[in-house]
Amino acid sequence: MKAFTQHSGLVGPMDRANVDTDMIIPKQFLKSIKRSGFGPNLFDELRYMDEGQPGQDCSQRPVNPEFPLNLARYSGASILLARKNFGCGSSREHAPWALEDYGFRAVIAPSYADIFYNNCFKNGLLPVVLSEQQLDLLFAEMYADEGYQLTIDLAGQKVVRPCGDSFEFDIDRFRKDCLVKGLDEIGLTLQSADKIRDYEKTRAADQPWVFGAIK
Amino acid sequence: MSQRTVYDKLWDSHLVQQNEDGSALLYIDRHILHEVTSPQAFEGLRIAGRKPWRLDTNLATPDHNISTDPAERAAGVAGIPDNTSRIQVQTLDDNCDHFGIKEFKMNEMGQGIVHVMGPELGATMPGLTVVCGDSHTATHGALACLAHGIGTSEVEHVLASQCLVTKKMKNMRVTVDGALGAGVTPKDVVLAIIAKIGTAGGNGHAIEFAGSVFSNMSIEGRMTVCNMAIEAGARVGLVAVDEKTIEYCRGRQFMPAGEMFEKAAEYWRTLMSDPDAMFDTEVHIDGNDIAPQVSWGTSPEMVIPVTGNIPRAEDQTDVVKQKGVERALEYMGLEGGAPISSVAVDRVFIGSCTNSRIEDMRAAAAVVEGRTVSDSIKQALVVPGSQMVKAQAEAEGLDKIFIEAGLDWREPGCSMCLAMNADKLGAGEHCASTSNRNFEGRQGNGGRTHLMSPEMAAAAAIAGHIVDVREFTGDQS
Ligand code: SF4
């Protein structure tokens, strides 16, 4: 997983409350055998005029000109501004997979659904929580200012605006550590690699029949 | 040392590291993979540039969405008609080849439903931790191992580190004493347990099945019982080691042999709960009281004895239950108060990781031998759980008995248990099924599942309706 210490990038909008995971990535794409490649189908139903199917070439599909993220000014956005209860509905890990694959490194919203929030951390995506007022202000600045960029400083736990002012945010220590060091849960477990190897040595000595048979 | 349960012993012997927050790093000895829940895990490994921690702990096979039709199977992976299914099976093959993981490919001897394959090959042994991206992994607990299902992220975690981050469960003991009557099988025992404790009864617990009924039960029967621990809410079900366990293990492909086997067996014999071990929850059931069971509704706790009547909504004590019964009756197209044995059956499915082992095949064959499937039955499938079960059954001539009686003899796989391939129920059809889940749509959209034992399903195939196998004479009345 990519480490997340500080990130500056173009900001794009998802300006509605209760965006559910089926909106983020519709159910027909769950048949995929992949964890990557969901980016072209992020927000599929909002983004395109037709109904998407797995395996299609999305560059040939009619795009919805009204959908904000389709506007040239948001092209290449890596920070998503969102509204409350983002990521509600089904627990599919495909939702953070799609956001990450599209190019987002962080989402800023007033609140998230629990499971989605957890799933983000497993996939290197930072969900930042700010107040509704702070988000109102960020949305307003973004709409007013083409090319609007923010800097998210995870180590310092703050979102820095172009004017230099910043908003602080809270985050659980353990999760912050994982992201700052670029550790997913697997990475964290692998920090105990020596212990695992020691365990295996003892076990192989005591119960040699456990290992080696399957090959 | 303090008195410990089998589960406590298994937990302690696999603890790599206890964390302050209550979570722990648990070592995993066996990881079984199949085509549906593994592709993203393998891709995750690739993206992170990781390799499997070790290879000799992993074993893979395709089972969930492969065809069971002999002609389609003969055409190999390319012959799988559904595009998505074919790609999933091909992907498993490619991933196993790429990473060097031992796989029994679709038509290879050794292939089978993950939970049939592991024990019969001797990959599952007493005293091990066993995980698989499938909730019926508790099956392996019949050999006194700590076995449970995991999600796709955890599949990747185990591949990469041979460990799981997990928390210890509570201990529950379900004791069934007494003796089972004729025609009463392990499936009936576990259905009766679920009917008693409910589908949430085992939540947060590891269940140990104890008592004379289990000590008298075969290992395959114990697998049927442990298989459905998850339907009782528990991720883990297990039975302590006894001499039957040891004899079952002897001589299997991945088991130790000779002196090493005896050394292992000596350790395995310690895998029983200490006399004064504490269980957080205890349940007692009298085995003498258990009749053949049938599910009438859409949850595995909606089970009654075959001699019973379908429950009526108005007889339920609280409103929530009333609503539940009403909704289930409507979905199942059944009348409350009617005898369950009057329910006509459209299809029969004998198979799944619950009941597709050789003993199940023998039991079903004994019922249909010399008889004919009722004209009212559209299809009666017999799907052996593995290539080895299939070969053994054919060596004993069971396939011929089934075919002569008018049942279909298929290739091994999950089949109509979850209807990911072409084996499904049509809307409104009733199925006498030896599988484990009777949820709405589980065996096909609108399909109506009645869970029961292989003997009972075989009898239903002949009678054309649900029937008490104990009184079954083969008359088509
Ligand atoms: S037979 Fe059914 S329950 Fe068992 S592993 Fe296959 S799909 Fe799951």
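These remarks concern the structure in this document. What you see is a predicted model, and the numbers here were worked out from it, not measured in a lab.

This part is about the pattern of salt bridges. Evaluated as defined, the whole model comprises 29 salt bridges over all chains. B:Lys390 is paired through a salt bridge with B:Glu394; the nearest N and O atoms lie 3.5 Å apart. Highlighted residues: B:Lys390 and B:Glu394, both in helix H14 (residues 387-395), separated by 4 residues, approximately one helical turn. In this structure B:Lys390 comes out as buried when scored by relative accessible area, which is 14%. The exposure class assigned to B:Glu394 is partly exposed, which follows from its relative accessible area of 30%. Linked through salt bridges whose partners overlap, the residues forming this network are A:Asp15, A:Arg83 and A:Asp136.

Turning our eyes to something else, we now look at the layout of surface pockets. When its volume is computed, the largest pocket comes out at roughly 1600 Å³. Along the wall of the largest pocket there are 50 residues; nearest its centre are A:Lys122, A:Asp184, A:Glu185, A:Ile186 and B:His157. Elements that contribute at least two residues to the lining of the largest pocket include exactly helix H3 (94-102), helix H4 (114-122), helix H6 (173-180) and helix H7 (185-190) of chain A together with helix H2 (39-48), helix H6 (152-161) and strand E7 (163-166) of chain B. Of the voids in this model, the second largest pocket is the one considered here, and its volume is about 610 Å³. Taken together, 31 residues form the lining of the second largest pocket, with B:His34, B:Val36, B:Thr37, B:Gly133 and B:Asp134 sitting closest to its centre. Sorting the residues of the lining of the second largest pocket by element identifies H3 of chain A together with helix H5 (114-121) of chain B as the ones contributing at least two each.

This part takes up the pairing of strand E5 (residues 149-153) of chain A. Residues and elements named next belong to chain A. For E5, the buried fraction is high: 4 of the 5 residues fall into the buried class. Of the strand pairs in this sheet, strand E1 (residues 6-14) and E5 are connected by 5 bridges, and their pairing is antiparallel. Bridge pairing in E5 places His-7 opposite Ile-152. In this structure, the hairpin formed by E5 and strand E6 (residues 158-160) is closed by a connection of 4 residues, where Gln-157 is found at a positive phi of approximately 55°.

What counts, and at which threshold
- Residues numbered from 1 in each chain as written.
- Chains lettered and ligands numbered in written order.
- Predicted model: local features only at pLDDT ≥ 70, side-chain atom pairs only at ≥ 80, totals over all residues.
- Heavy atoms only, no water.
- Salt bridge = Lys/Arg side-chain N within 4 Å of Asp/Glu carboxyl O.
- Helix = DSSP H or I, 4+ residues; strand = E, 2+ residues; numbered from the N terminus.
- Buried < 20%, exposed > 50% of the residue type's maximum accessible area, 1.4 Å probe, protein only.
- 1 Å grid on protein atoms, 1.4 Å probe; cavity = no way out; pocket = protein on both sides within 12 Å on 5 of 7 lines; lining within 4 Å.
- Points joined across faces, edges and corners; volume = space filled by probe spheres on them.
- Pairing = 2+ DSSP bridges.

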